[in-house]
Amino acid sequence: MNKLTSRIDKERLALGIAAPLLAVVAALVVTALVILATGKNPGAAFSDMMSYGFASDSQVYILNKATTYYLAGIAVAVGFRMNLFNIGVDGQYRLAAFIAAVLGGALTVPGWLAIPLIMICAMATGALWAAIAGVLKVTRGVSEVIATIMLNSIATAVIGYLLQPERLGELQQGGTLVSTEPLPASSFFFSIDTGPAGVLDGFIVVAVIVGLAYWFVLGRTRFGFDLRTVGQSESAAAASGVSVKKMVATSMIISGAVAGLIGMPTLLNESHQYDNSFPTGIGFTGIAIALLGRNNPIGIALGALLWGFLERTTNHLEFQGYDKEILGVIQGVIVLCVVIAYEVVRRYGLKRQQQRVGAELAAQAAAPTKKQEVA
């Protein structure tokens, strides 16, 4: 039986490696065909992407983008592990960043105290906004997909209403930009000056801590075990004494709290204010990255880096005469290929495992019969 377990583990490892490789190869083939259809040389495009993407300034850009994308992926993955689709991450992080920016602009305390307060405010806002969908689901059975989509729209309307010069916004010089009051210099998060390559956002450290916390809590604690159990089978979890409704609400709150951190790299390291140019749509990018990473903290990190790499290099391709829509095509193809490849490999692995276990059990059942015949 130990030999059987060893074989199954080795095959599972091989299949785990085969899935992303198959997805990458398929994505490259489809992308090459798309580029060929536009009348361009895919070989030259891929070569240009690699050379530009691995330049020192591009690496800093990719790491800064990946920091934000990683937090978005983790926020979505928390819900996925509970079999919840928190599509409202986008509204949660934007509202959280706005409220945190308002608080940060009004604070007069030292930076060592202001920065934690801004981050806590953002996490609390995101958690409360996500909790609305969680409470609606456990008390009224409202789908979290519908609830969070509506909450995204409400968050956009609330920000638009409050971000006005006569309310919580102020008109910047030139009269073309409305923003919250800028953060004082003491509230800026630390950055790492890499020289000609640019400035690396220090918030990458927080992203790493969030990833470690996600891995530890979900993989090494009783709470994480209960959360994953509810996601796999609510009836089995309830039978073992786990409160399903409590876990649903709690996971939505945690997902929203992590979502509140998504806008912090931009707020604390880059813009230092919330205005009309604040990035949007990152919550939906987080869904794609969580799917790419299969809800694994390392896989999500690789997905975030890949997304940043594609964004950097395909934008450069536009200046080389390629169509600007290539980025969207490549991203969509990669997500589809990854989802399909993992499902194909999963089904193949399950079939192979069933065949091996059946063969082993048949061999064990036949062994006593042979001994009886010999006797």
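- The protein chain appears in an unreviewed UniProt entry as ABC transporter permease from Streptomyces nogalater.

Things to note about the packing of aromatic side chains
Step number 1: According to the stated counting rule, one finds seven aromatic pairs in the structure shown.
Step number 2: Summarising the aromatic geometry, the rings of Phe80 and Phe85 are spaced 5.6 Å apart at their centres and angled 45 degrees between planes, so their arrangement reads as tilted.
Step number 3: For Phe85, a relative accessible area of 30% puts it in the partly exposed group.
Step number 4: Aromatic pair Trp215 and Phe216: ring centres 6.5 Å apart, planes at 55 degrees, arrangement tilted.
Step number 5: Of the residues examined, Trp215 reaches a relative accessible area of 42% and is grouped as partly exposed.

Re the UniProt feature "transmembrane region" (unreviewed entry) in the protein chain
Step number 1: Using the residue numbers shown here, the UniProt feature "transmembrane region" (unreviewed entry) corresponds to residues 12-38, 58-80, 92-109, 115-136, 145-163, 197-218, 248-268 and 326-345.
Step number 2: With 95% helix and 0% strand, residues 145-163 has end C-alpha atoms that lie 27 Å from one another.
Step number 3: For residues 248-268, the end-to-end C-alpha separation is 31 Å, with 86% helix and 0% strand making up the annotated structure.

Thoughts on the nonpolar core
Soluble globular proteins tend to bury their nonpolar side chains together.
Step number 1: Formed by 92 residues in total, the largest nonpolar core has its most connected members in Ile118, Met119, Phe203, Ile262, Met264, Leu268 and Tyr274.
Step number 2: When sequence neighbours within four positions are dropped, the list of residues in contact with Ile118 reads Ala100, Gly104, Leu107, Leu183, Ser187, Met264, Leu267 and Leu268.

Comments concerning helix α11 (residues 264-271)
Step number 1: With respect to burial, α11 is a largely interior element, six of its eight residues being buried.
Step number 2: Taken together, the buried positions of α11 are occupied by Met264, Pro265, Thr266, Leu267, Leu268 and Asn269.

Remarks on the packing of helix α5 (residues 111-140) against α11
Step number 1: In contact at an axis separation of 11 Å, α5 and α11 are set at 150 degrees when each is read in the N-to-C sense. Taken together, the axis directions place α5 and α11 in an arrangement best described as roughly antiparallel. In this structure, α5 crosses over α11, and the sense of that crossing is right-handed. Contacts between α5 and α11 involve Ile115, Ile118, Met119 and Ala122 from the first element and Met264, Leu267 and Leu268 from the second.

Observations regarding the environment of Ser153
Step number 1: Positionally, Ser153 belongs in helix α6 (residues 144-162).
Step number 2: In sequence terms Ser153 and Leu28 are 125 residues apart; their C-alpha atoms lie 36 Å from each other.

Observations regarding the pattern of salt bridges
Step number 1: Applying the stated criterion to the full structure yields seven salt bridges.
Step number 2: Glu166 serves as the salt-bridge partner of Arg167, at 3.5 Å between the closest nitrogen and oxygen.
Step number 3: A relative accessible area of 59% places Glu166 in the exposed class.
Step number 4: When the shortest N-O distance is used, the salt bridge between Asp226 and Arg222 registers 2.9 Å.

Rules of the game
- Residues numbered from 1 in each chain as written.
- Predicted model: local features only at pLDDT ≥ 70, side-chain atom pairs only at ≥ 80, totals over all residues.
- Heavy atoms only, no water.
- Phe/Tyr/Trp six-rings, centres within 6.5 Å; stacked < 30°, edge-to-face > 60°.
- Buried < 20%, exposed > 50% of the residue type's maximum accessible area, 1.4 Å probe, protein only.
- UniProt positions renumbered as here; feature names shortened; annotations may be inferred.
- Helix = DSSP H or I, 4+ residues; strand = E, 2+ residues; numbered from the N terminus.
- Core = buried A, V, L, I, M, F, W, Y, C linked by side-chain atoms within 4.5 Å.
- Contact = heavy atoms within 4.5 Å.
- Axes fitted to C-alpha atoms, helices over the stretch in contact; angles between N-to-C directions.
- Parallel < 35°, antiparallel > 145°, perpendicular 65-115°, else oblique.
- Left-handed = near helix turned anticlockwise from the far one by under 90°.
- Salt bridge = Lys/Arg side-chain N within 4 Å of Asp/Glu carboxyl O.

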